[in-house]
Each structure stands twice: as C-alpha cells, then as structure tokens.
Amino acid sequence: MSEDAVLETTLETPLTERVEAILLIVDEPIALVALAAAVHAPVPAVRQVLETLAEDYDGRGPGPRRGFELREVGGGWRLYVREDHDDLVADFVGGQAPARLSQAALETLAVIAYKQPVTRGQVASIRAVNVDSVVRTLLSRGLITELFADAETGAINYGTTDQLLEHLGINSIDELPPISPLLEDGAEGFDEGVIR
C-alpha cells in the first residue's frame, strides 16, 4: 500500500479515534501541535476533540465517568489514572514482581548519579570492580545514558536519565541527598564542623 493510500485510509478514520490511538501510546504529554500533525488534522479540530474527550472521560458526556482522565500538563496532553485509583494501581503494579536492581547495580548507579559525567573506568576505579555488565544493565533499563565520548581517550561518559528522576520522585539530580563523607569528594553539602 502506497504512502498516499495509507494517509487516505487514516483520514477516513474518525478524528476522535485517531486522537485516542495516539494518546494511548504516548508516555509523556504530547503538545497540541504535535498531536494535530500526528493525526493529520487542524489544531482547532484536535483541541475540540481533546476537550470533548476530557468531558466524556469525566462523565460529563453521555457515558459514565472513566477510571482514567485526560489532562493538559506541561504544555501537552496525556491520559492519567484517576487519583481515586492510585492505591489500586500501586498494589497491582507492586504485585507484578518488579525487576529489582542488584546491590552492584545500585552502587554503580549511585556513583554515576553523584559523579556524572563519569566514564566506566572511573566508576570501576571507585567501586574497585569491573562494572561493564552492570553499566550495560543500567543502560538497557534506561536509568543511565551515554552523554559524550572523551575527545582525548574516546571513553564514553555516562549520566542519569529523566526516567531515573521519575523513579526517585525528584525533578533534578541536585535534589539527591548529600553524598557520604566517606567517599572521595564527599564533603560537599556537609557542615564544616561535622567532618573531621
């Protein structure tokens, strides 16, 4: 099927269905203009659909109130579980046997979080063990990312991701508690009189 034929078939689908399909798969708020482009529709028409859907999900339309809601946050639109169901969802998700990080992974993640940008070799030096497989695990889980390659050595420098911040419930890496004074350069954030 040609690209034009796919677009024609897409445009035959009602706009509401197209908007809902995109909203269902986004994992962060999508801007109105980006959503309009994704569904091949004018911005005012998409805004009207979003407002109608939000009312419908809230039970202000012909149907019942849903267990989810459509909100405009951070300059974009996204589906969210209703606050009334937070405990239910937390219990369900918690019961799904989440994949836990090993002690080695947690230690490596802490070193990267506090020392970023940092190379694999620097992390290995601090931890005094090989961290290659642990770094691969953290990369695959989206908790760290490759920031840049060192111009002189070619070593990859790592840092944390927004996904880690979400897991920790913080907005910035600056919100991490002060690092232990037992680690190198760990005195920062402690009172002068406390560290000897």
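The numbers attached to residues start from 1 for each chain and follow its sequence in the written order. The predicted origin of the model limits local features to residues at a pLDDT of at least 70 and limits the giving and counting of side-chain atom pairs to 80 or more, whereas totals for whole chains, interfaces and linings rest on all residues. In computing side-chain properties, one takes all heavy atoms of the structure into account and sets aside hydrogens as well as water.

Asks: So what exactly am I meant to see when it comes to the environment of Glu51 here?
Replies: Here a helix means four or more residues in a row that DSSP labels H or I, a strand means two or more in a row labelled E, and each is numbered from the N terminus. Of note, Glu51 is situated in helix α4 (residues 43–57). For the pair Glu51 and Leu70, spaced 19 residues apart in sequence, the C-alpha separation works out to 8.7 Å.

Asks: Please explain the pattern of salt bridges as it appears in this structure.
Replies: Side chains that differ in sign of charge can pair as their charged atoms come close. By salt bridge we mean one thing: a side-chain nitrogen of Lys or Arg within 4 Å of a carboxyl oxygen of Asp or Glu. Applying the stated rule across the entire model yields 9 salt bridges. The residue Glu51 makes a salt bridge to Arg47 at a minimum N-O spacing of 3.7 Å. One end of the pair is Glu51 and the other is Arg47, both in helix α4 and 4 residues apart, which spans about a single turn. For Asp58, the salt bridge identified is with Arg60, shortest N-O distance 2.9 Å.

Asks: I would appreciate a short explanation of unusual backbone geometry in the present structure.
Replies: In terms of backbone geometry, most residues other than glycine have negative phi values and most peptide bonds are trans. Each neighbour pair has its own omega, and for Gln116 with Pro117 the value is -5 degrees, a cis peptide bond. Relative to the assigned elements, Pro117 resides in the loop between α6 (103–115) and β3 (118–119). The backbone of Ala128 shows a phi angle near 60 degrees, a positive value even though the residue is not glycine. Locating Ala128 in the fold gives a position in the loop between α7 (120–127) and α8 (132–140).

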